[in-house]
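# Breakdown of the fold
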Amino acid sequence: MSLLEVRDLSVGFRQDGQVVPAVRGVSFSVDRGETVAIVGESGSGKSVTALSTVSLLGASAQVTGSVTYNGREMIGADDTRLRQVRGNDISFIFQEPMTSLNPLHTLEKQLRESLELHQALTGDAARARIVELLERVGIREAASRLGAYPHQLSGGQRQRVMIAMALANKPDILIADEPTTALDVTIQAQILELLANLKRDEGMGLLFITHDLGIVRRIADRVCVMKDGEIVEAGTLEQVFDTPQHPYTRKLLAAQAAGVPAPVPEGAQVVAETDALRVWFPIQKGFLKRTVGHVKAVNEASLRVRAGETLGIVGESGSGKTTLALAIMRLIASQGGIRFAGEDVHGWSTRQLRRRRAEMQIVFQDPFGSLSPRMSCVQIIAEGLGVHGNPGGRPERELVAEVMAEVGLDPAAMDRYPHEFSGGQRQRIAIARAMILRPKLVVLDEPTSALDMTVQVQIVDLLRDLQVKYGLAYLFISHDLAVVRAMSHRVLVMKEGDVVEAGEAGALFSAPQTAYARTLLKASLEGRGAGAQG
């Protein structure tokens, strides 16, 4: 008998008097000491399936089929039984720890809650167990971090805290729902190794939910591929990766940004350049707020990017990538030289800067967070025209329709709202919002990391096409080196505010000169799996 057994699970959600199906006839099992990966794109039903195991879907869900844990049925179980199992026998780790952790509670208080509820541990015994858990998941000097709040930790540290909370009661099954998607490749590798070690040492079953087949290759024993609420293929890791049977599985395996950008035109104008750019944030203490030091976010960074060229900027979280880009766009204060289209930007007045903003645009990582939910698609895309003017005088809806078609969106959908689009479509809206102003420089800040692999490929192709068509200069910020390689002519590697290496993309990827660049490249290739190395 399997530890967790799912048989013919179907889930629908009541909406406007109808039941919208989300999962149909799903069956799989998880044994002790085994990792089962459920892989598929957004909306395929992965998370709904995982949440169904302990009835976490809410009142609007209609669930049929069978889910048994240790031979006992979970569907229809009473609240007492479910409370006993949730967080105790079956624990969850979610994708974004910052939204899963309470920002108002210290680490100790959040971990103590679970221990008091399920094990009746209090006082010094609970504190000792909390320190033991934090040390187990790799939090250094754990005893001194008990009073810390989530915002005082890095992304990787927050995810380790989430894992510690999930392990607090020694569960039989750990369900990890996209636990590494938002992390840098080196931190991602550490978390995957940690989960594999914990599974082995604790003898747990691990149900791993992801859209990234590279991660599946590293961690899974068996794989279930989901599409449109159904498992279209299942088997051992070797069966699914080496001899995939379903066309959708083959499509996922082939979905990787590849190729190289078009060559930079000869004599291309330098659009943006910096000379020893520095961004230091003062540390102020005392009643008089005296400056006692600085957070050195960017140190002496020099770069240039030409029309039709992409400069990839890579490094871990906190390395200064985004800060550097924001300083070039004059969105934060900096010292050192910045020139845009040959002009010293520090000499611009507020009016001049406002006028030139149309030529400098940015596309962010999370399209849902950067699009107003209260504005329709046409209002979002046309917003810049209202700020910077419409020199041609053409009707706004005509211009919006034109740019929507250009980025692969149906102009007939321009009156819909962001929640009515998929993640990839929302990112296309964000790109259209930038492109309608015909900028010279576009900052792309992790524009593909929140997207499914097949959608990533589409967005990379779109960005390369637009660059050729309009001679755009890109600053492409990412921790995904496979995507950086497909997009970039030159690459700049940052670590703790310093530029540690820079050069032509081909040369840097073939023979990185610094130990840090080699570490990043190794972690990225391992994360993508063996197939990425070609």
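Overview of the structure. (Residues numbered from 1 in each chain as written. Predicted model: local features only at pLDDT ≥ 70, side-chain atom pairs only at ≥ 80, totals over all residues. Heavy atoms only, no water.)

Right, let's get into the overall build of the protein chain. The number of helices and strands found in the protein chain is 20 helices and 20 strands. For 534 residues, the compact-globule estimate of 2.2 N^0.38 gives 24 Å, and the protein chain sits close to it at 25 Å. For the protein chain, the spread of C-alpha atoms along the three principal axes comes to 70 × 60 × 45 Å. Per-residue burial for the protein chain yields a buried fraction of 52% across its 534 residues. (Helix = DSSP H or I, 4+ residues; strand = E, 2+ residues; numbered from the N terminus. Rg over C-alpha atoms; globule rule 2.2 N^0.38 Å. Buried < 20%, exposed > 50% of the residue type's maximum accessible area, 1.4 Å probe, protein only.)

Attention now moves to the pattern of salt bridges. Applying the stated criterion across every chain, the model contains 21 salt bridges. Among the ionic pairs, R356 bridges to E343, the shortest N-O distance being 3.1 Å. Of this pair, R356 sits in helix α12 (residues 350-356) while E343 sits in strand β15 (residues 343-344); the two residues are 13 residues apart in sequence, bridging distant segments of the chain. We classify R356 as buried; its relative accessible area is 10%. A salt bridge links D415 to R397; the nearest nitrogen and oxygen atoms lie 3.0 Å apart. Of this pair, D415 sits in the loop between α15 (396-406) and α16 (423-435) while R397 is found in helix α15, placing the two residues 18 residues apart along the sequence. Looking at D415, the relative accessible area reads 44%, which means it is partly exposed. A relative accessible area of 43% means that R397 is categorised as partly exposed. Among the ionic contacts, a cluster of salt bridges with common partners joins E108, R112 and R127. (Salt bridge = Lys/Arg side-chain N within 4 Å of Asp/Glu carboxyl O.)

Below, the discussion takes up the sheet that holds strand β9 (residues 222-227). Spatially, the six strands line up as an open sheet ordered β6-β7-β8-β3-β9-β10, and their pairing is mixed. With one partner strand each, in any of the chains shown, β6 (90-93) and β10 (230-236) form the two edges of the open sheet. In this sheet, neighbouring strand axes are inclined to one another by 15 degrees on average, regardless of whether the strands run parallel or antiparallel. (Pairing = 2+ DSSP bridges. Axes fitted to C-alpha atoms, helices over the stretch in contact; angles between N-to-C directions.)

The subject of this paragraph is helix α5 (residues 123-136). Taking 1.5 Å per residue as the helical rise, α5 with its 14 residues ought to reach 20 Å, and the 20 Å between its terminal C-alpha atoms agrees with that figure. Looking only at α5, the buried set comprises A126, R129, I130, V131, L133 and L134. Among the structural elements, α4 (107-119) and α6 (155-167) are those in contact with the buried residues of α5. After α5 finishes, the residue G138 shows a positive phi value of roughly 90 degrees. (Expected span 1.5 Å × (residues − 1). Contact = heavy atoms within 4.5 Å.)

Take the nonpolar core next. Ranked by internal contacts, the top residues of the largest apolar core, which has 56 residues, are I381, I431 and Y474. Here I431 is in contact with V363, V407, I459, L462, L463 and L466, once residues within four sequence places are set aside. Within the second largest apolar cluster, 36 residues are counted, among which are L107, I163, I187 and L195. (Core = buried A, V, L, I, M, F, W, Y, C linked by side-chain atoms within 4.5 Å.)

On to the sheet that holds strand β5 (residues 72-73), then. If you walk across this open sheet you meet the four strands as β2-β1-β4-β5, and the pairing is antiparallel. What marks the edges here is a single partner per strand, and that holds for β2 (18-30) and β5. Two strands pair when backbone bridges link them, and strand β4 (residues 61-69) and β5 are joined in this way by two bridges, in the antiparallel orientation. Each residue of the ladder has a partner; that of T68, found in β5, is E73.

The side-chain alternation of strand β16 (residues 360-363) yields two buried faces, one formed by M360 and I362 and the other by Q361 and V363. In this structure, β16 lies alongside strand β17 (residues 441-445), joined through four bridges in parallel fashion. Bridge assignment links I362 to a residue of β17, and that residue is V443.

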